[in-house]
Amino acid sequence: MGAWRGLILVVAVLALAPLGLPPYMMTLLTEALILGLFAMSLDLMVGYTRLVSFGHAAAYGFGAYCSGWLLINTDLSLPSAVFVAAIASGVLAIGVAWVCTRSTGVSFSMLTLAFAQLLYAITFRWTSVTGGSDGLAGIPRRPGPFGLTALTSKTGFYFFVLGLLVAAFLLCRQLVNSPFGAVLRGIRENEAKTLALGYNTRAYKIAVVALSYALGGLAGALYAPFAGFANSELLFWLLSGQVLIMVIVGGAGTLIGPILGAAFFMFAQHQLSSYTESWAIYFGMLFIFFVLFVPRGIWGSVAARLRRPAADGR
Amino acid sequence: MALLECEGLTRRFGGLVAVSSVTMQVATGEVRAVIGPNGAGKSTLFNLINGVLPPSAGLVRFDGEQLTGLTPAQVCQRGVSRTFQLTALFPEMTVRENASLAAQARDAQRWLPFGGGAVFHRARAKADAALERLGLSHVADRPAGLLSHGDQRLLEVAMALAQEPRLLLLDEPTQGLSVEETQQAVETLKTLLAGGELAVVLVEHDMEVVFRLAHKITVLHRGAVIADGTPEEVKADPGVQAAYLGDFADAAD
Ligand SMILES: Nc1ncnc2c1ncn2[C@@H]1O[C@H](COP(=O)(O)OP(=O)(O)O)[C@@H](O)[C@H]1O
Ligand SMILES: [Mg+2]
């Protein structure tokens, strides 16, 4: 199938990237993949279920603090710490989702934001665990017991991130194409009708929020050992807003789009910030341009164009 | 024994009694119309039956089991499907996807988070059968939002039917249709209901539609039942005639 061939091609190119790119580009690319995972996790909620979270940084920051704390204070290896942090984010999200899904629309969004701000505030109070305003620093990448030392090098870590992103993408893709995914689409288009048809819509929403937070937490859990630190900025509303922009610019409801959106955001930020202090203003204008003129986002528009000639040919 | 039994069903909204001590039965194979002017409490009665609203008093029994206290989703799982007075569809999905999602709701594996080829296959077969019965096969691949209003009303019925219910609640299925569309819809519904395997409650404004489809009629007035019987009995009822000033006589035959 064309989709599989495209996926294999992209993964092959990304896998060969360390051979050709200078180290600082590899650092940027690694961060872009981590952010891509983060944005893709949000797409499950925003693009597929129309549950707009204004506080998705909660997942990212929580995952980052979790894996950072585990790597500093326990003997857990890098993969185990990352895995535990992702699961913890998902479990936490069940509680969050249980509360937030009591309301819909803007109040849902506000509750997710409130929850992220709550975590943000906690980092300044529970300083013995979070390191207060300094955050957690000097987070090591500890090799595992199975000789997984390769994962801790710069290139090895890149492959670790790439592997997890591909696995998460495949997981999400089969989810959105499953019967469960069909129900999510129903909730997106008409929740009241979906409920009337006999679906317990709240249970579906809680499940998708939990998975979304778990994958967002996984991204954060990767960021902490990538950067070597975790601080309260990872829970701040600014990041929640930025990841929402990545999803919309890349193309909500496409999974691939948000990954592209994250990469685009990363590189645009990198390029713009080397020219001007006020790069955020230019990025804001770029965002407005997309909302007005490319509402389907980068990948949404590309995919629509790819699909049309293919449909005619058949 | 009746499939659906409502006993002393009452619902208050503040000081307003929207449904007042309604008792009625519907048996399998029977089409019962519920009629009454705007605001008589017909839609509220549906909301009480399928669990959208809790009753202030009284209860609903379905096949001997009490429905009161169940959620709409749970009521639907037991075999009660309904259509809405205001068309409610998934506008960006195709007509077939709409019906298929409706059918999937009664599948034991409706929530399967991976694969699901068999689930989709079963749902699609039921969807296609329902679309066929409503004469919508030729628009199956069109987005539901692009259908004519008349076809959208029929799709509502097809979606309910794709769930293979035992009790079908139809809330004004011909609302907003032109005269020709109504005629067509009535013909389609008549063949549909002739099968006899369904119990149907039909809320309708159009008296002609009611007299052509219903075996029994319940007349609501300000939430209360003022008449209950065959179409002939109801037409002859002096209380009904007083309440409706001979509207029914005009519509008869
Ligand atoms: N959710 C509600 N809250 C308050 N009043 C309601 C509600 N639903 C219906 N009503 C009132 O109950 C009465 C019956 O409404 P309804 O059942 O929609 O009538 P019908 O379907 O027969 O036209 C109306 O006076 C309506 O305003
Ligand atoms: Mg009504």
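Given the structure is predicted, the values throughout are model-derived calculations rather than measurements.

## A word on empty space enclosed by the protein
Thought 1: Under the definition given, this model contains two cavities of 30 Å³ or more.
Thought 2: Looking at the largest cavity, its volume works out to about 50 Å³.
Thought 3: Lining the largest cavity are A:Lys193, A:Ala196, A:Leu197, B:Arg82, B:Phe84, B:Glu156, B:Met159, B:Ala160 and B:Gln163.
Thought 4: Those elements that provide at least two residues to the lining of the largest cavity are helix H9 (191-196) of chain A together with helix H5 (149-162) of chain B.
Thought 5: Broken down by element, the residue count for the lining of the largest cavity peaks at three residues, all from H5(B).
Thought 6: Across the lining of the largest cavity, the residue classes break down as five nonpolar, one polar and three charged.
Thought 7: Taken as a whole, the second largest cavity spans an internal volume of roughly 30 Å³.
Thought 8: The class makeup of the residues in the lining of the second largest cavity is five nonpolar, two polar and one charged.

## Description of the site of ligand 1
Residues and elements named next belong to chain B.
Thought 1: Every residue lining ligand 1 is accounted for by Phe-13, Leu-16, Ala-18, Pro-37, Asn-38, Gly-39, Ala-40, Gly-41, Lys-42, Ser-43 and Thr-44.
Thought 2: Within the contact set of ligand 1, an oxygen atom lies 3.2 Å away from a backbone nitrogen or oxygen of Ala-40.
Thought 3: In this structure, Thr-44 approaches ligand 1 through a side-chain N or O atom, which is 2.6 Å from an oxygen atom.
Thought 4: Here ligand 1 loses 61% of its free accessible area of 560 Å² to cover by the protein chains.

## Concerning the nonpolar core
Thought 1: Judged by nonpolar contacts, the single largest core of 138 residues is most densely connected at A:Ile34, A:Met40, A:Tyr60 and B:Leu155.
Thought 2: Here this core takes 16 residues from helix H2 (residues 23-49) of chain A, the largest share from any one element.
Thought 3: Per-domain counts for this core show at least three residues from each of domain 1 (1-79 + 165-253) and domain 2 (92-164) of chain B.
Thought 4: Excluding residues within four positions of it along the chain, B:Leu155 makes contact with B:Leu89, B:Val95, B:Asn98, B:Leu131, B:Leu136, B:Ala144 and B:Leu147.
Thought 5: With 27 residues, the next largest nonpolar core counts B:Leu3, B:Leu9, B:Phe46 and B:Val203 among its residues.

## Re the layout of surface pockets
Residues and elements named next belong to chain A.
Thought 1: The space that makes up the second largest pocket amounts to roughly 400 Å³.
Thought 2: If you trace the second largest pocket, you find 18 residues lining it, with Glu-31, Glu-233, Leu-239, Gln-242 and Gln-269 closest to the centre.
Thought 3: Of all the secondary structure elements, the ones that give two or more residues to the lining of the second largest pocket are H2, helix H11 (237-250) and helix H12 (256-275).

## Digging into the coordination of the magnesium ion (ligand 2)
Octahedral six-donor coordination of a metal ideally yields angles of 90 or 180 degrees, compared with 109.5 degrees for tetrahedral four-donor coordination.
All names here are of chain B.
Thought 1: The protein atoms that coordinate the magnesium ion (ligand 2) are Ser-43 (OG) and Gln-85 (OE1), at distances spanning 2.1 to 2.2 Å. With Ser-43 in helix H1 (residues 42-49) and Gln-85 in the loop between strand E6 (80-82) and helix H3 (95-104), the pair connects residues that are 42 residues apart, well separated along the chain.
Thought 2: Judged by its relative accessible area of 23%, Ser-43 is partly exposed.

## Remarks on H1(B)
All names here are of chain B.
Thought 1: Counting buried positions along H1 gives seven out of eight residues, so the element sits mostly inside the fold.
Thought 2: Looking at H1, one finds that the buried residues are Lys-42, Thr-44, Leu-45, Phe-46, Asn-47, Leu-48 and Ile-49.
Thought 3: Following H1 by one or two positions, Gly-51 adopts a phi angle in the positive range, close to 85°.

## Points about the packing of H2(A) against H11(A)
All names here are of chain A.
Thought 1: The N-to-C vectors of H2 and H11 enclose an angle of 80°; their axes lie 9 Å apart at closest approach. Between H2 and H11, the interaxial angle falls into the category roughly perpendicular. Residues Leu-35, Phe-38, Ala-39, Leu-42, Asp-43 and Val-46 of H2 pack against Leu-239, Val-243, Leu-244, Met-246 and Val-247 of H11.
Thought 2: Split into classes, the residues belonging to the contact of H2 with H11 amount to 10 nonpolar, no polar and one charged.

## Looking at the pairing of strand E3 (residues 31-35) of chain B
All names here are of chain B.
Thought 1: Burial analysis of E3 places five of its five residues in the buried class, which makes it a mostly covered element.
Thought 2: A two-sided burial pattern is seen for E3, the buried positions comprising Val-31, Ala-33 and Ile-35 on one face and Arg-32 and Val-34 on the other.
Thought 3: Note: E3 against strand E8 (residues 199-203), four bridges, orientation parallel. Within E8, the residue paired with Arg-32 across the bridge is Val-201.

## Examining the sheet that holds strand E9 (residues 216-221) of chain B
Residue and element names in this part refer to chain B.
Thought 1: The six strands lie next to each other as E6-E7-E8-E3-E9-E10, forming an open sheet whose pairing is mixed. Each edge of the open sheet is held by one strand with a lone partner, namely E6 and strand E10 (224-229). Strand-to-strand, the axes of this sheet are offset by a mean angle of 15°, without reference to chain direction.
Thought 2: Where H1 meets the sheet, its contacts fall on E3, E6, strand E7 (167-171), E8 and E9, and the angle it forms with E7 comes to roughly 150°.
Thought 3: Of the strands in this sheet, E6 and E7 are in contact with H5, which crosses E7 at around 165°.

## Describing the interface of chain B and chain A
Thought 1: Counting residues at the interface gives 28 residues for chain B and 21 residues for chain A.
Thought 2: In terms of surface lost to chain A, no three residues of chain B exceed B:Phe90, B:Leu101 and B:Pro113, which account for 23% of the buried area on that side.
Thought 3: For A:Lys193, the salt bridge identified is with B:Glu156, shortest N-O distance 3.4 Å.
Thought 4: Connecting chain B to chain A are 11 residue pairs in polar contact (both at pLDDT 80 or more).
Thought 5: At the level of elements, helix H2 (72-77), H3, helix H4 (117-133) and H5 of chain B are the ones that each hand at least two residues to the side of chain B that touches chain A.
Thought 6: With four residues, the top contributor of residues to the side of chain B that touches chain A is H3(B).
Thought 7: The class makeup of the residues in the side of chain B that touches chain A is 18 nonpolar, six polar and four charged.

## Considerations on the domain arrangement of chain B
Many descriptions give the size of an interface as the accessible area lost when the pieces come together.
All names here are of chain B.
Thought 1: Domain assignment breaks chain B into domain 1 (1-79 + 165-253) and domain 2 (92-164).
Thought 2: The gap between the C-alpha centroids of domain 1 and domain 2 is 25 Å.
Thought 3: When the two sides are added together, the surface that domain 1 and domain 2 hide from each other amounts to roughly 1400 Å², 60% of it contributed by carbon and sulfur.
Thought 4: Per-residue buried area on domain 1 facing domain 2 is highest for Gln-77, Pro-165 and Leu-192; these three make up 38% of the total on that side.
Thought 5: For the pair domain 1 and domain 2, the interface holds one salt bridge.
Thought 6: Among the ionic pairs, Glu-197 bridges to Arg-133, the shortest N-O distance being 3.8 Å.
Thought 7: Between domain 1 and domain 2 we count five residue pairs in polar contact (both at pLDDT 80 or more) in total.
Thought 8: For the side of domain 1 that touches domain 2, the secondary structure elements donating two or more residues are H2, E7 and helix H6 (179-194).
Thought 9: Tallying contributions element by element places H6 first for the side of domain 1 that touches domain 2, with five residues.
Thought 10: Looking at the side of domain 1 that touches domain 2 residue by residue, the classes come out as 10 nonpolar, five polar and six charged.

Scoring rules and cut-offs
- Residues numbered from 1 in each chain as written.
- Chains lettered and ligands numbered in written order.
- Predicted model: local features only at pLDDT ≥ 70, side-chain atom pairs only at ≥ 80, totals over all residues.
- Heavy atoms only, no water.
- 1 Å grid on protein atoms, 1.4 Å probe; cavity = no way out; pocket = protein on both sides within 12 Å on 5 of 7 lines; lining within 4 Å.
- Points joined across faces, edges and corners; volume = space filled by probe spheres on them.
- Helix = DSSP H or I, 4+ residues; strand = E, 2+ residues; numbered from the N terminus.
- Nonpolar A, V, L, I, M, F, W, Y, C, P; charged D, E, K, R; others polar.
- Near = heavy atom within 4 Å.
- Polar contact = N/O pair within 3.5 Å; in protein donor to acceptor, adjacent residues only side chain to side chain.
- Areas by Shrake-Rupley, 256 points an atom, 1.4 Å probe, with all protein chains shown as cover.
- Core = buried A, V, L, I, M, F, W, Y, C linked by side-chain atoms within 4.5 Å.
- Buried < 20%, exposed > 50% of the residue type's maximum accessible area, 1.4 Å probe, protein only.
- Domains from an automatic or database assignment.
- Contact = heavy atoms within 4.5 Å.
- Donors = N, O, S within 2.8 Å, 3.2 Å for Na, K, Ca; no water.
- Axes fitted to C-alpha atoms, helices over the stretch in contact; angles between N-to-C directions.
- Parallel < 35°, antiparallel > 145°, perpendicular 65-115°, else oblique.
- Pairing = 2+ DSSP bridges.
- Buried area = accessible area lost by both parts, 1.4 Å probe.
- Salt bridge = Lys/Arg side-chain N within 4 Å of Asp/Glu carboxyl O.

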